[in-house]
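# Summary of the model geometry
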Protein chains: 2
Amino acid sequence: MAEPNQSLPVDLFIDLDRSGPVPLYFQISSRIEQAIHDGTLPPGSRLENEVALGNRLGLSRPTIRRAIQELVDKGLLVRRRGIGTQVVHGKVSRGVELTSLYEDLERSGQKPDTRVLSTEIGEADERMAEELGVEVGSPVLHIKRLRSAGGVPIAILDNVLPADFTDIDLGDLSKHGLYQLLRARGVTMRVAKQRIGARDATAHEAGLLDIPKGSAVLTMSRTAFDNSGRAVEWGQHCYRPDLYSFEMTLVER
Amino acid sequence: MAEPNQSLPVDLFIDLDRSGPVPLYFQISSRIEQAIHDGTLPPGSRLENEVALGNRLGLSRPTIRRAIQELVDKGLLVRRRGIGTQVVHGKVSRGVELTSLYEDLERSGQKPDTRVLSTEIGEADERMAEELGVEVGSPVLHIKRLRSAGGVPIAILDNVLPADFTDIDLGDLSKHGLYQLLRARGVTMRVAKQRIGARDATAHEAGLLDIPKGSAVLTMSRTAFDNSGRAVEWGQHCYRPDLYSFEMTLVER
DNA sequence: GAGTGGTCTAGACCACAGA
DNA sequence: CTGTGGTCTAGACCACTCT
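What comes next is a walk through the structure.

About the cut-offs
- Residues numbered from 1 in each chain as written.
- Chains lettered and ligands numbered in written order.
- Predicted model: local features only at pLDDT ≥ 70, side-chain atom pairs only at ≥ 80, totals over all residues.
- Heavy atoms only, no water.
- Near = heavy atom within 4 Å.
- Helix = DSSP H or I, 4+ residues; strand = E, 2+ residues; numbered from the N terminus.
- Nonpolar A, V, L, I, M, F, W, Y, C, P; charged D, E, K, R; others polar.
- Polar contact = N/O pair within 3.5 Å; in protein donor to acceptor, adjacent residues only side chain to side chain.
- Phe/Tyr/Trp six-rings, centres within 6.5 Å; stacked < 30°, edge-to-face > 60°.
- Buried < 20%, exposed > 50% of the residue type's maximum accessible area, 1.4 Å probe, protein only.
- Lys NZ or Arg CZ within 6 Å of the ring centre and 35° of its normal.
- Pairing = 2+ DSSP bridges.
- Axes fitted to C-alpha atoms, helices over the stretch in contact; angles between N-to-C directions.
- Parallel < 35°, antiparallel > 145°, perpendicular 65-115°, else oblique.
- Left-handed = near helix turned anticlockwise from the far one by under 90°.
- Contact = heavy atoms within 4.5 Å.
- Least-squares fit on C-alpha atoms with pLDDT ≥ 70 in both.
- Arc of directions from axis to C-beta.
- Salt bridge = Lys/Arg side-chain N within 4 Å of Asp/Glu carboxyl O.

## Notes on the protein's contact with DNA strand C
Neighbouring residues of DNA strand C: 24 residues in total, closest Arg61(A), Arg18(B), Leu24(B), Ser60(B) and Thr63(B). The element contributing the most residues to the surface near DNA strand C is helix H3 (residues 61-73) of chain B, with four residues. A per-class count over the surface near DNA strand C returns seven nonpolar, seven polar and 10 charged.

Listed below in C-alpha cells is the structure:
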C-alpha cells in the first residue's frame with residue numbers, strides 16, 4: 001500500500017507541435033502538469049521511466065528529462081535513483097501556485113487600485129546608491145504608492161529607480177503596475193533579491209492601511225535586476241498582514 | 001562603459017577530477033562561483049561563450065551549459081541570446097546566501113539553544129490531517145519548542161509529525177534540530193511548501209519571546225515532504241521580527 | 001540481475017542581437 | 001554577416017535500489 005500505483009501511461013501525448021515556437025520539453029511538462037492537476041496522475045503515483053516515455057513519444061531522453069526536471073523544480077514531482085518518479089502528496093494538485101492573497105482578491109473580482117502618494121526626483125543617498133549600484137548623489141526617481149483592492153488598502157509601496165527612468169510617465173502609475181510600465185519600456189526583470197520581515201506599524205502607516213496604530217505589518221524589501229544584470233528597482237513595501245502573505249515552494253537541490 | 005569587460009579567461013580551470021564522485025558540471029560551476037565571489041569575475045563582466053569554454057576545458061557543451069545554468073538559477077549570472085553571459089551587478093558577490101539573522105547570530109558565536117515546551121502524542125484533527133495527508137484521528141506527534149540564541153528567545157516552533165515518528169527520541173530535541181533528527185532516521189526532505197506572514201503576538205507568545213504584548217511577530221507555516229513525496233512534517237512557527245527575517249533570490253524562468 | 005535515474009559526449013539546427 | 005545562447009538527437013556508461 002506504500003506504492004499504490006504502477007507506472008501510468010497518460011495517453012494524452014498526441015499532437016506535439018514540432019514546428020511552432022513552443023519547446024518540446026515545455027509541451028511535455030505542461031501535459032504532465034495538467035495530468036497531475038486534473039487527477040489523472042494522483043499523488044503518489046509513479047511516472048513511466050524516462051527511456052520508455054521517450055520511446056513512446058518519439059523524443060530523445062534528454063528532452064524527456066528536461067520536461068520532468070521542470071516539474072521537479074516546481075515541487076510537483078520527486079525522483080529517486082533506482083526507484084522512479086512519483087507525484088508529490090498533499091493538496092499540491094491545485095491552488096498552491098498563488099503567491100499572495102492579493103491575487104486571490106484580484107481573481108475574486110476585487111479590482112486592484114493604486115493611489116500615488118508622491119513622486120520625486122532626488123539624489124541617491126548612501127543606502128539607495130548601495131542598493132542600486134549607482135553613485136551617491138546621482139538622480140533617482142522616488143515613488144510612494146498605496147495599493148488597494150475593492151476599496152480596502154493592502155500595501156504601502158516605496159520604490160526607488162535609477163536615473164534612466166526619471167522620465168517615466170507618472171500618470172500611468174495609477175493605472176498600471178510599476179513592473180508593467182518597465183516592461184513596456186523594454187526592461188525585462190530577471191533576478192530579484194528580497195527580504196521578508198515584520199514590525200509594528202508607524203502611526204502614518206496605520207492610518208494609510210486603516211489598521212490600529214502599532215499593530216503588525218508584513219514588510220518586504222527587494223532589489224530587482226534586468227537581463228543585463230543591472231539594478232533596476234529597489235522597493236520597500238509594507239502589507240496589511242490580514243490581507244497579504246507570501247507563499248512559496250522550496251526544492252532540495 | 002555599459003559593457004566594461006570583454007570575456008575573461010578565468011585561468012583556474014585545471015585539475016578536474018574525472019574519477020571522483022563530484023560531477024564535472026558541479027566542479028565547473030563551483031570554480032566560476034568562486035571567481036565571482038573573490039572578484040576575479042567582477043559584476044557586469046562577461047563569461048566566455050559556452051563552446052569556447054567547452055573546448056578549452058575539454059568538456060562537451062551540455063556539461064558547460066549545465067554548470068552555467070546552476071549559477072543562473074542561483075541569481076549570480078544572467079544570459080541573453082545573441083549577447084552572452086554576464087555577472088549580475090550589486091553586492092551579490094558575497095553574503096547574500098544567508099537565509100536569516102538567526103544564522104548571523106550562529107556565525108557570530110551565539111550558540112543556538114532549544115527548550116522543549118511540550119511533546120504530546122495525540123490524534124490528528126481536521127487541519128493536521130489535511131496538511132499531513134493522513135486520516136483524521138490517526139496518531140500524530142505534537143512538539144512545541146522555544147528556540148534561543150545567546151540566551152535571547154528568537155522563535156516559537158510548533159510542529160506536528162505523522163504516526164511513523166511517534167517513537168522519536170524526544171530527549172534529543174533540546175540538543176539537535178528536528179530536521180537533523182529526521183535525517184538521522186534516514187528521512188531526506190525534498191520539497192517544502194511554506195507561507196510567510198505577520199500578526200500581533202498573543203500574550204503567551206509575547207511572554208515567551210520577551211517582547212511587549214501585542215507587538216508584531218513574523219509567522220511561517222510549512223509542510224515538508226520526503227523523497228517519496230509523503231508529508232513528513234507540518235510546522236507553525238513565529239519569530240521575533242527584530243531578530244529574524246527571510247532572505248531569498250528569485251529568478252525569472 | 002533488472003530497472004531506474006544521474007551524468008556525459010559530439011555533434012546538429014535554430015532564433016536572436018549586433019556590426 | 002558573425003557570434004551568441006536555446007533546443008534537440010542518439011547514443012554511452014555509471015550508481016543506486018530492489019528482488
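## Observations concerning the protein's contact with DNA strand D
Taken together, 24 residues form the shell around DNA strand D, and within it Arg18(A), Leu24(A), Thr63(A), Asn49(B) and Gly82(B) come nearest. Sugar and phosphate atoms form 68% of the subset of DNA strand D atoms that lie within 4 Å of the protein. Separating a phosphate oxygen of DNA strand D from a backbone N or O atom of Leu24(A) is a distance of 2.4 Å. Within the contact set of DNA strand D, a base nitrogen lies 2.8 Å away from a side-chain nitrogen or oxygen of Arg61(B). Within the residue set of the surface near DNA strand D, elements represented by two or more residues are helix H1 (24-37) and helix H3 (61-73) of chain A together with H3, strand E1 (77-80) and strand E2 (84-87) of chain B. Broken down by element, the surface near DNA strand D gets its largest block of residues, four residues, from H3(A). Taken together, the residues of the surface near DNA strand D sort by class into seven nonpolar, seven polar and 10 charged.

## Here's the deal with the packing of aromatic side chains
Here a ring pair, both rings aromatic, is described through the centre-centre distance and the interplanar angle of the planes. Counted by the stated rule, this structure contains six aromatic pairs over all chains. Pairing Tyr239(B) with Phe246(B) gives two aromatic rings, centres 5.5 Å apart and planes at 90 degrees, and the pair type is edge-to-face. Relative accessible area serves as the criterion here: at 4%, Tyr239(B) is assigned to the buried category. Plain terms: the ring middles of Tyr244(B) and Phe246(B) are 5.4 Å apart, the flat faces sit at 65 degrees to each other, and that makes the pair edge-to-face. Note on Tyr244(B): relative accessible area 13%, which makes it buried. Here the aromatic residues Tyr239(A), Tyr244(A) and Phe246(A) are joined through ring pairs into a cluster of three or more. The ring of Tyr25(A) is capped by Arg66(A), whose NZ or CZ atom sits 3.8 Å from the centre of that ring.

## A closer look at the sheet that holds strand E7 (residues 216-226) of chain A
Taken together, the seven strands give an open sheet; going across it, the order is E3(A)-E4(A)-E5(A)-E8(A)-E7(A)-E6(A)-E9(B), and neighbouring strands pair in antiparallel fashion. Every other strand in the sheet has two partners, leaving strand E3 (112-123) of chain A together with strand E9 (246-251) of chain B as the edge strands with one partner each. Neighbour to neighbour, the strand axes of the sheet diverge by 15 degrees on average, direction disregarded. Two strands pair when backbone bridges link them, and E3(A) and strand E4 (residues 139-149) of chain A are joined in this way by 11 bridges, in the antiparallel orientation. By the bridge assignment, Gly122(A) is partnered in E4(A) with Val140(A).

## Re the packing of helix H1 (residues 24-37) of chain B against H3(B)
Residue and element names in this part refer to chain B. Their axes nearest at 8 Å, the elements H1 and H3 cross at an angle of 50 degrees. In terms of their interaxial angle, H1 and H3 are classed as oblique. The handedness of the crossing between H1 and H3 comes out as right-handed. Across the interface between the two elements, Leu24, Tyr25, Ile28, Ser29, Ile32 and Glu33 from H1 touch Thr63, Arg66, Ala67, Glu70 and Leu71 from H3. Class assignment for the residues of the contact of H1 with H3 results in six nonpolar, two polar and three charged.

## Considerations on the side chain of Asn159(B)
Residue and element names in this part refer to chain B. With respect to the helices and strands, the residue asparagine 159 is situated in strand E5 (residues 152-161). Here asparagine 159 falls in the buried class, since its relative accessible area comes to 1%. A distance of 2.5 Å separates a polar atom in the side chain of asparagine 159 from a polar atom in the side chain of glutamate 233. Excluding anything up to four places from it in sequence, asparagine 159 contacts Leu141, His142, Ile143, Arg145, Leu178, Glu233, Trp234, Gly235 and His237.

## Some words on the relation of the copies chain A and chain B
Of the two same-sequence chains, chain A is brought onto chain B (RMSD 0.1 Å, axial shift 0.0 Å) by a rotation of 180 degrees. The relationship between the two copies is best expressed as a two-fold rotation axis. Distance from the rotation axis, computed per C-alpha, reaches its smallest value in chain A at Ala216(A): 2.2 Å. Mapped onto chain B, 100% of the interface residues of chain A are again interface residues, and the two copies thus contact each other with one and the same surface.

## Brief notes about helix H2 (residues 50-57) of chain A
Along an α-helix, a turn takes 3.6 residues, which lines up residues three or four apart on a common side. Residue and element names in this part refer to chain A. Residues of H2 that are buried: Glu50, Leu53, Gly54 and Leu57. Relative to the axis of H2, the buried residues are bounded by an arc of 100 degrees and lie together on one face. Those residues of H2 hidden inside the fold are in contact with H1, H3 and strand E1 (77-80). The opening residue of H2 is asparagine 49, an N-cap whose side-chain oxygen sits 3.0 Å from the backbone nitrogen of valine 51.

## Digging into the sheet that holds strand E9 (residues 246-251) of chain A
Taken together, the seven strands give an open sheet; going across it, the order is E9(A)-E6(B)-E7(B)-E8(B)-E5(B)-E4(B)-E3(B), and neighbouring strands pair in antiparallel fashion. Of all the strands in the sheet, the pair left with one neighbour each is E9 of chain A together with strand E3 (112-123) of chain B. Ignoring which end each strand starts from, the neighbouring axes of this sheet average 15 degrees apart.

## Overview of the interface of chain A and chain B
Each partner contributes to the interface: chain A provides 51 residues, whereas chain B provides 51 residues. Joining chain A to chain B, the criterion identifies two salt bridges. The closest approach of N and O atoms between Arg195(B) and Glu247(A), which form a salt bridge, is 2.3 Å. Contributing elements (two or more residues each) for the side of chain A that touches chain B: H3, E1, helix H5 (126-132), strand E6 (189-200), E7 and E9 of chain A. Counted by class, the side of chain A that touches chain B contains 20 nonpolar, 13 polar and 18 charged residues. Across six bridges, the pairing between E6(A) and E9(B) is antiparallel. Counted as the bridge partner of Val191(A) is Val251(B) from E9(B).

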